[in-house]
Amino acid sequence: MPANSRPFQVDLRGVVDLLSRHIYSSPRVYLRELLQNGVDAITARREYADDPTTVWAIRIFPINEQRDEFSIYDEGIGLTEAEVGELLATVGRTSKRDFLDLPRRDYLGQFGIGLLSCFMVADTIRITTRSAKDSPAVEWIGDCDGTFQVRELTDDIPIGTSVFLAPRFDAKELLSQSAVVRLATDFGQFLPVPILVDLPHDVQQINTDPVFLHTDPTPEDLLGFGTEFLGARPLDVIDISAAGTGTRGKAFVLPFSPPPNARQANRVYLGRMLLSENADAILPDWAFFVRAVIDSTDLSPTASREGIVEDFRLEHTREELGAAIRRWLVELTVSDPRRLGQFLAVHETALKQLVLHDEELAEFVLRFLSVETSQGRMSIERLTSEHKTIHYTNTDAEYAQVVAIAREDMPLVNGGYVYDADLIRLLPGKYDVSVERVNTLAMLDHLDPPPLDDRSTVVALEERATTALEGRECQVVVRIMDQPETPALYVADPELFRHLDRIKGTKTTGRLWSKVLSQIDEQMTAASRTAGDYSARLCLNWGNPLVRLLAHLDDQEVFLSCMQVLYVQSQLAGHRPLNFQDRKLLYSALTDLITLRVDLSAAIENHDVWTSLHPKESQ
């Protein structure tokens, strides 16, 4: 070291503040760090013991009415006076395992900052320890101001280490009996070391059986564990592992569909110590229909030990676990159609996303998926075997416009559901079929016009109806549809809908956003066509009795009101939300029809009264 070199001065209060505000998510991790140190110490003692099968434990003494100081004792290897100075009084020392030159994979600790986490709940840490290497007992007292004391003890204490914490006034709850039991259970219930909590009238052992790590568990045990984990009985359990990182566990198939964009909440243990309950990077993104519980020995934890470092180990593990889930799914399609049906009923949307990104899986699964068509729900297998050309709409709005005029011999697929349009476009590469997106306006060209004998009547109806809807950017045409119960159909270019939505937005937002939307609409309009050229048509069904009546209706007021009602009704049938003008139009039309009806009834009633009083004149 150069003569003018000086060591950094570490502000311990600043380090503790850094831990509590930026590294650890909560002061509750103090107990995890203490448990971790205890497990490492016991592991190290086994390395030096004559009989490594001896069972050593960790015992916790929370504060209660009789005890105002928290303590935790482990029967581990303990520390000598020299080790105390090296490991407890030097900020940044990695951990005792490096000092003792022990194998890394059997130890949980990594960054040597675990003990400092205790300063988040106490101002002073007192440690008494006696090493298994036949050295005197030592007491170490550290204060949050950065000072510490070390002294040799004359008392004959057992081999191991005890940590004593006098809680700060704002941390008593975290060191209380109920909190300690809960935290010890969350973090350490599956540890291979007995964890005992000293209660006023009993000693409670925290450890429970890690069913998800059993090599041959019973199905009911696994399903019971999965039910507790998910809050509902899983559809199935998948064995998952990645030998390269010592990772193994179970994936539980969700019995419900997760919300869109929901993060995966997988539970990850490191050396059977809880690392995270919300790990979303351990499985591939497409596997959001399962939740996993795993334990690993070689994944790298982050500095806070609350997440996993994104490195080659994690990437390898993610690929291996994803492959196990994929194998389960393929086997399901081959061997268990009943369970496959149950799975599809819940997770078909997730599966559609999966096959879009996994060609190998698509070969096995694609045929079982289904889509909505004008002839009802239909599987891909049936659709591709019965039809060589498949017509589809890209949106639900397009489907709603034209489903009423779809041909019976050619089912129309509604591609408006998430992934369905992409799924249909995938088919030509998998099956001997072609796909064609329908043009909603062109669909009218497939409809037959009325007979020539009715031509003059139809032309007059089209002109009158178009005039009646003046200002609605809509042209009226008359065609024959196969569904006589459908009086009218509103069909428009999809670009028109987008234009109308942008115009609607300018009227419902503030000045700034209204101006922005107007500029966007102008640019989009210029890029395609002018607003006046947008194509929208109201198709009247000549096979519908109401339309034929309208064609011969002389009363212009009644005709106008009826056309307005048909226009709004066709908008609703096409799943178009009504704007203010549409609602006003409907209200006005219905009011006029009711008024005309009342006036006619009054006239008839007055005529009947006059006739009864003047029978001769009426003749």
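Just so it is clear, the structure is predicted and the values come from calculations on it, not from any experiment. (Residues numbered from 1 in each chain as written. Predicted model: local features only at pLDDT ≥ 70, side-chain atom pairs only at ≥ 80, totals over all residues. Heavy atoms only, no water.)

Draft legend 1. Molecular detail of the overall build of the protein chain. Assigned secondary structure in the protein chain consists of 19 helices and 21 strands. Split into buried and exposed, the 619 residues of the protein chain put 47% on the buried side. Restricting the contact set of the protein chain to residue pairs at least 6 apart, pairs at least 24 apart contribute 66%. For the protein chain, the accessible area works out to roughly 31,900 Å², and carbon and sulfur atoms hold 52% of it. (Helix = DSSP H or I, 4+ residues; strand = E, 2+ residues; numbered from the N terminus. Buried < 20%, exposed > 50% of the residue type's maximum accessible area, 1.4 Å probe, protein only. Contact = heavy atoms within 4.5 Å. Areas by Shrake-Rupley, 256 points an atom, 1.4 Å probe, with all protein chains shown as cover.)

Draft legend 2. The arrangement of the sheet that holds strand 5 (residues 148-152) in detail. The mixed open sheet is built from eight strands, whose spatial order is 5-4-3-6-2-1-7-8. Whereas interior strands pair on both sides, the edge strands pair on one side only; in this sheet they are strand 5 and strand 8 (202-205). Shown here is a sheet whose adjacent strand axes are inclined to one another by a mean of 15°, direction ignored. Judged from the six bridges that link them, strand 3 (residues 122-130) and strand 4 (residues 138-143) form a sheet pairing that is antiparallel. Bridging across to strand 4, I125 finds its partner in G142. Across the sheet, helix 2 (residues 29-48) touches strand 1 (58-61), strand 2 (70-74), strand 6 (160-167) and strand 7 (195-199), and the angle it forms with strand 2 is around 20°. Its contacts with the sheet place helix 5 (residues 177-188) against strand 1, strand 2, strand 7 and strand 8, and it is angled at close to 170° to strand 7. (Pairing = 2+ DSSP bridges. Axes fitted to C-alpha atoms, helices over the stretch in contact; angles between N-to-C directions.)

Draft legend 3. Just the pattern of salt bridges, in detail. Applying the stated criterion to the full structure yields 26 salt bridges. The partner of D336 in a salt bridge is R339, and the shortest N-O contact between them spans 2.8 Å. You can call D336 buried: its relative accessible area is 19%. A residue is classified by how much of its surface remains accessible, and R339, at 26% relative accessible area, is partly exposed. (Salt bridge = Lys/Arg side-chain N within 4 Å of Asp/Glu carboxyl O.)

Draft legend 4. Here's a closer look at the packing of aromatic side chains. By the definition in use, this model includes twelve aromatic pairs. Ring geometry for F190 against F212: centres 5.4 Å apart, planes inclined by 70°, an arrangement best described as edge-to-face. Separated by 22 residues along the polypeptide, F190 in the loop between helix 5 and strand 7 and F212 in the loop between strand 8 and helix 6 (219-230) bring together distant segments of the chain. One cation-aromatic arrangement involves K133 over Y48; the distance from NZ or CZ to the ring centre is 5.6 Å. (Phe/Tyr/Trp six-rings, centres within 6.5 Å; stacked < 30°, edge-to-face > 60°. Lys NZ or Arg CZ within 6 Å of the ring centre and 35° of its normal.)

Draft legend 5. View of the sheet that holds strand 20 (residues 488-492). Taken in spatial order, the three strands line up as 19-21-20 in an open sheet, and their pairing is mixed. Here the strands that pair on one side only, and so sit at the sheet edges, are strand 19 (475-479) and strand 20. The mean inter-strand angle of the sheet, taken between neighbouring strand axes irrespective of direction, is 25°. Where helix 13 (residues 455-468) meets the sheet, its contacts fall on strand 19 and strand 21 (536-541), and the angle it forms with strand 19 comes to roughly 150°. Each of strand 20 and strand 21 touches helix 17 (residues 556-573); the most contacted strand, strand 20, lies at about 60° to it.

Draft legend 6. Up close: the confidence of the model for the protein chain. Counting all residues, the mean pLDDT for the protein chain is 82, and 81% of those residues have values of 70 or more. Considering only residues more than four positions removed or in separate chains, one finds that residues 99-112, a stretch of pLDDT under 50, has 50 contacts. (pLDDT = per-residue confidence, 0-100.)

Draft legend 7. Molecular detail of the pairing of strand 9 (residues 236-242). The element strand 9 is largely enclosed, with a buried count of five among its seven residues. Here strand 9 pairs with strand 10 (residues 247-253) via seven bridges, running antiparallel. Residue pairing across strands places A242 opposite T247, the latter belonging to strand 10.

Draft legend 8. Up close: the packing of helix 7 (residues 312-335) against helix 8 (residues 337-357). Interhelical geometry of helix 7 versus helix 8 gives an angle of 135° and a closest axis separation of 11 Å. Comparing their axes, helix 8 and helix 7 come out oblique. The two elements helix 7 and helix 8 meet at a crossing, and its hand is left-handed. The segment helix 7 lies against helix 8, with W328, L329, L332, T333 and S335 engaging P337, R339, L340, F343, L351 and L354. By residue class, the composition of the contact of helix 7 with helix 8 is eight nonpolar, two polar and one charged. (Parallel < 35°, antiparallel > 145°, perpendicular 65-115°, else oblique. Left-handed = near helix turned anticlockwise from the far one by under 90°. Nonpolar A, V, L, I, M, F, W, Y, C, P; charged D, E, K, R; others polar.)

Draft legend 9. Structural detail: the environment of L299. Relative to the elements of secondary structure, L299 occurs in the loop between strand 13 (290-296) and helix 7. Under the relative-accessibility criterion, L299 is labelled buried at 6%. Spatially, the C-alpha atom of L299 lies 8.2 Å from that of G246, the residues being 53 residues apart in sequence. Dropping the residues within four chain positions of it, L299 is found in contact with T245, T247, L270, I282, I308, R313, L314 and T317.

Draft legend 10. Here's a closer look at the environment of T333. Looking at the element boundaries, T333 is found in helix 7. Take T333: its relative accessible area is 7%, and that puts it in the buried class. Taking C-alpha positions, T333 is 6.7 Å from V365, a pair spaced 32 residues apart along the chain. Ignoring sequence-local partners within four residues, the contact set of T333 consists of L340, F364, V365 and F368. Separated by 2.6 Å, the side chain of T333 and the backbone oxygen of V330 make a polar contact. (Polar contact = N/O pair within 3.5 Å; in protein donor to acceptor, adjacent residues only side chain to side chain.)

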